[in-house]
Amino acid sequence: MQLFQITVPVQVPDNLVIIEVHEYEMLKKEQDKGYWWTLEDVLNRVKVSRKTFTEKVLYNHKFRNDLEKFVCYPKNRGGKYYFLASKTKEFLENNFHQIMKEM
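The sections below set out a description of the structure shown in this document.

Conventions and cut-offs
Residues numbered from 1 in each chain as written. Predicted model: local features only at pLDDT ≥ 70, side-chain atom pairs only at ≥ 80, totals over all residues. Heavy atoms only, no water. Helix = DSSP H or I, 4+ residues; strand = E, 2+ residues; numbered from the N terminus. Contact = heavy atoms within 4.5 Å. Polar contact = N/O pair within 3.5 Å; in protein donor to acceptor, adjacent residues only side chain to side chain. Core = buried A, V, L, I, M, F, W, Y, C linked by side-chain atoms within 4.5 Å. Buried < 20%, exposed > 50% of the residue type's maximum accessible area, 1.4 Å probe, protein only. Axes fitted to C-alpha atoms, helices over the stretch in contact; angles between N-to-C directions. Parallel < 35°, antiparallel > 145°, perpendicular 65-115°, else oblique. Salt bridge = Lys/Arg side-chain N within 4 Å of Asp/Glu carboxyl O.

Our next topic: the side chain of Ser86. In this structure, Ser86 sits in helix α5 (residues 85-94). Sequence-distant contacts of Ser86, defined by excluding residues within four places in its chain, comprise Asp32 and Lys33.

Spelled out as structure tokens, the structure:
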């Protein structure tokens, strides 16, 4: 059996970049660092009602201590929630099964 190695030039358009999969995954993970989400942003991602999410997740004693590290709860009724996007995304991923048990 003979083995040949053939080199073929491939032209990559100027608007594209080739990167390793590992680097791409890291870039995706880092994209939310430093960004804040509102409660509406979170609800759009998890696809549950505001009432369900606030009762079952935000004010659930099982999650509250962890959430307080990256969620700013409103100081008064009608106030806004603010979420550190990267940590919220990580929390939702890591606690999916526990959250679903509460739903």
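Turning next to the environment of Thr52. As for its position among the elements, Thr52 is in helix α3 (residues 50-58). On a C-alpha basis, the gap between Thr52 and Glu102 in space is 9.7 Å, while along the polypeptide they are 50 residues apart. Not counting the four nearest positions on each side in its chain, Thr52 is found in contact with Val57 and Met103. A polar atom in the side chain of Thr52 sits 2.9 Å from the side chain of Ser49.

By size, the foremost hydrophobic cluster in this structure holds 18 residues, and its most contacted members are Phe53, Leu58, Leu67, Phe83 and Phe91. For this core, the secondary structure elements donating two or more residues are α2 (39-46), α3, α4 (61-67) and α5. Dropping the residues within four chain positions of it, Leu67 is found in contact with Val57, Leu58, Tyr73 and Phe91.

Before going further, it helps to spend a moment on the packing of α2 against α3. It is at 11 Å that the axes of α2 and α3 come closest, and there the two elements cross at 95°. Put simply, α2 runs roughly perpendicular to α3. Of the residues in α3, those touching α2 at Leu39, Glu40, Val42, Leu43 and Val46 are Arg50, Phe53, Thr54 and Leu58.

Attention shifts here to the pattern of salt bridges. Proximity of charged atoms lets side chains of opposite charge pair with each other. In total, this model carries 6 salt bridges according to the counting rule given. Among the salt bridges present, the one from Glu55 reaches Lys51, with a minimum N-O distance of 3.7 Å. Of the two residues, Glu55 and Lys51 both sit in helix α3, 4 residues apart, roughly one turn of that helix. Here Glu55 falls in the partly exposed class, since its relative accessible area comes to 45%.

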